[in-house]
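One-letter residues, chain by chain:
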Amino acid sequence: MALRTLAVDFNSYFASCEMQERPELRGRPVGIVPVLAETTCCIAASRQAKARGVKVGTGVAEARALCPDIVIVQQRPALYIGYHRRLLAEIEACIHVTAIKSIDEVECDLTATFAPREKAMAVARQIKDRVARHVGPCLTSSIGIAPNWLLAKLASDMQKPDGLVVLDDEDIPQKLLALDMTDISGIGPRMDHRLKAHGIDTVAKLYGATKATLRGIWGGVEGERMHGRLRGENIPLTHQEHPI
Ligand SMILES: [Mg+2]
């Protein structure tokens, strides 16, 4: 299966924008909140805060308990949109952006020029380098390269921060077996529950399931599509994908 997709995901995006703007925050646990109130929740957390157990959705009081030195910062959406535009321009200078998946995530098709593994890795390094030099070193990204979006997204999730992971034929499914089924886009909590009710409770068992079995569990062609996507087939995503 050829490498066809490159996924760029910026790490701890809102917190990284704040660190880029405010050097005094760099290296510190930071939680981003919609409003400054003890009753609200973090909508983003820096790597240092995540390491202490603070996640998206962690309440401010709990975040302070987990991490007493956390700096709570009110979100600045216009700033994050400004960085988004600058990041897009830097990526576009390296390779065409096919789809903007969310404020901190884009998809690029690897055309014939970029499909060879070395070329794909070189363009990924070029993106990181341009972003660091022209936007700022705090804006690190995890880049995944794979035969399709589903696998490129998984690859981008496998190494954080500042990752670069290629999932090639020989890596599939071996490198995926430690993941949770819900790490796969298209498998939410409800589908996870349904799969488990059918005895499929690991990614290994998911790969072991036949196309007909998955069709039955999904109740239609989406199950067959998942079977194909897990194996690197390039099947466009449909409605079940939920960008932010
Ligand atoms: Mg991100």
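Residues numbered from 1 in each chain as written. Predicted model: local features only at pLDDT ≥ 70, side-chain atom pairs only at ≥ 80, totals over all residues. Heavy atoms only, no water.

### Details of the sheet that holds strand 8 (residues 164–166)
Here's step 1: Strands sit in the order 5-6-1-7-8 across an open sheet of five strands; the sheet is mixed. Single-partner strands in this sheet number two, and they are strand 5 (99–102) and strand 8. Sheet twist, expressed as the average angle between the axes of neighbouring strands with direction ignored, equals 15°.
Here's step 2: The pairing of strand 5 with strand 6 (residues 105–109) spans three bridges and is classified as antiparallel. Within strand 6, the position partnered with Ala99 by the bridge is Glu107. (Pairing = 2+ DSSP bridges. Helix = DSSP H or I, 4+ residues; strand = E, 2+ residues; numbered from the N terminus. Axes fitted to C-alpha atoms, helices over the stretch in contact; angles between N-to-C directions.)

### Overview of the sheet that holds strand 2 (residues 30–33)
Here's step 1: Taken in spatial order, the three strands of this open sheet run 3-2-4, and their pairing is mixed. Whereas interior strands pair on both sides, the edge strands pair on one side only; in this sheet they are strand 3 (44–45) and strand 4 (71–74).
Here's step 2: As defined by bridge partners, strand 2 adjoins strand 3 across two bridges and the pair is classed as antiparallel. The partner of Ile32 across the bridge, within strand 3, is Ala44.
Here's step 3: Each of strand 2, strand 3 and strand 4 touches helix 1 (residues 13–21); the most contacted strand, strand 2, lies at about 110° to it. (Contact = heavy atoms within 4.5 Å.)

### Considering the domain arrangement of the protein chain
Here's step 1: Looking at the assigned domains, one finds that the protein chain contains domain 1 (5–13 + 78–170), domain 2 (15–76) and domain 3 (174–230).
Here's step 2: Taken over C-alpha atoms, the centre of domain 2 sits 34 Å from the centre of domain 3. (Domains from an automatic or database assignment.)

### A look at the coordination of the magnesium ion
Tetrahedral metal sites with four donors have an ideal angle of 109.5 degrees; octahedral sites with six donors have ideal angles of 90 or 180 degrees.
Here's step 1: The protein atoms that coordinate the magnesium ion are Asp9 (OD), Phe10 (O) and Asp104 (OD), at distances spanning 2.2 to 2.3 Å.
Here's step 2: Residue Asp104 is classed as buried on the basis of its relative accessible area, which comes to 15%. (Donors = N, O, S within 2.8 Å, 3.2 Å for Na, K, Ca; no water. Buried < 20%, exposed > 50% of the residue type's maximum accessible area, 1.4 Å probe, protein only.)

### As for helix 9 (residues 211–218)
Here's step 1: Looking at helix 9, one finds that the buried residues are Leu214, Ile217 and Trp218. Down the axis of helix 9, the smallest arc covering the buried residues is 90°, so these residues share one side. Along helix 9, exposed side chains directed more than 90 degrees from the buried face belong to Ala212 and Gly216.
Here's step 2: In this structure, the buried side of helix 9 is in contact with helix 7 (189–197), helix 8 (203–208) and helix 10 (221–230).
Here's step 3: Looking one or two residues past helix 9, Gly219 carries a phi angle of roughly 75°, positive in sign. (Arc of directions from axis to C-beta.)

### A short note on the pattern of salt bridges
Here's step 1: Counted by the stated rule, this structure contains 19 salt bridges.
Here's step 2: Between Arg215 and Glu224 there is a salt bridge whose closest N-O contact spans 2.7 Å.
Here's step 3: Its relative accessible area of 38% is what places Arg215 among the partly exposed residues.
Here's step 4: Note on Glu224: relative accessible area 27%, which makes it partly exposed.
Here's step 5: For the salt bridge of Glu222 with Arg229, the shortest nitrogen-to-oxygen distance reads 3.6 Å. (Salt bridge = Lys/Arg side-chain N within 4 Å of Asp/Glu carboxyl O.)

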